[in-house]
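Remarks on the overall topology
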Amino acid sequence: VVINPESTTTYSGMLPGFISRQYTEDELFIDIAALCSRAGARFIRASLRAVDSIEQTLTVQHQVVSSTPLTLKFDNCVLNTGASPAESFPSRHPHCYYVKPIRDLLGVLPLLDQAINVPNPSLAIVGGGAAGIELAFAFRERYGRDCEITIVSKSSFENDPSLRTGAGQIRRSLLELDINLIDEQSVVEATEQAVLLDRGNMILANAICVATPVSPPSWIAHSSLPTNDGFLLVDQMLRVQGSHHLYAAGDI
């Protein structure tokens, strides 16, 4: 049984390639319903609401058929619901675009293109993790050299365990592509034309992409599952700690 809010889903690993126009939208999306049909699986279009590890049940909200929650029994279960955008970013306005959830970003991509379609355009990417770096490269390809692109990162690449080894190469690549990097600074305010940093300097931006850390989905807090900073704790086999029939992967 496969449960997902939509009958299709994006492959996140192809998002930078889609933004840089290497892939079409049809190539980016996976048809889950068709895949399940070919594999002999049952597909339910629903959103996860609760997990009971002891009773081994899931509570889901069906997207189409009924407003009444549905309870499903399982022998083994894999959780991969993704996370939610963190509310830590200080501002929201029409020219501020969140990278996650990816489907929402795809929906507003034409608006982002429109915001950049001005003389001497500028784009600020807030968040210097892997996602922010990949997006910077992809948007350079999409918008060309006329668009000024700046990454604002709260910490340096060298302080990020997942980026430390490649930090030097990343910096060289950013330099080659004329992508500005401002690290060890945070955004304290974002207007429709600029971002203000904690050291008092301001960066002009016709559009802002927010690729800051995510927050755990609300259903985890209402479960009895073990967590760390709100996210699920798993072992080396991706089993939720203390629940040998429950697995978890991805941003949760």
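Scroll up for the structure.
Nothing here was measured: the structure is a model prediction, and the numbers come from that model.

1. Remarks on the side chain of Gln-185
- Here Gln-185 lies in the loop between strand 12 (179–183) and strand 13 (187–190).
- Residues within four places of Gln-185 in sequence aside, it is in contact with Val-152, Ser-153, Lys-154, Leu-197, Asp-198, Arg-199 and Asn-201.

2. Considerations on the packing of helix 4 (residues 102–116) against helix 5 (residues 130–143)
- Remark: helix 4 packs on helix 5, axes separated minimally by 12 Å, with the N-to-C direction vectors making an angle of 65°. For the pair helix 4 and helix 5, the sense of crossing is right-handed. Two secondary-structure elements touch here, helix 4 through Leu-109, Leu-112, Asp-113 and Ile-116 and helix 5 through Phe-139, Arg-142 and Tyr-143.
- Tallied by class, residues from the contact of helix 4 with helix 5 come to five nonpolar, no polar and two charged.

3. Concerning the sheet that holds strand 15 (residues 202–204)
- Taken together, three strands build an open sheet; the order of strands is 13-14-15 and the sheet is antiparallel. The sheet terminates laterally at strand 13 and strand 15, the two strands that pair on one side only. Taken pair by pair, the neighbouring strands of this sheet meet at an average axis angle of 20°, ignoring direction.
- Direction of pairing for strand 14 (residues 194–197) relative to strand 15: antiparallel, over a ladder of three bridges. In the strand pairing of strand 15, Leu-196 is matched with Met-202.

About the criteria used
- Residues numbered from 1 in each chain as written.
- Predicted model: local features only at pLDDT ≥ 70, side-chain atom pairs only at ≥ 80, totals over all residues.
- Heavy atoms only, no water.
- Helix = DSSP H or I, 4+ residues; strand = E, 2+ residues; numbered from the N terminus.
- Contact = heavy atoms within 4.5 Å.
- Axes fitted to C-alpha atoms, helices over the stretch in contact; angles between N-to-C directions.
- Left-handed = near helix turned anticlockwise from the far one by under 90°.
- Nonpolar A, V, L, I, M, F, W, Y, C, P; charged D, E, K, R; others polar.
- Pairing = 2+ DSSP bridges.

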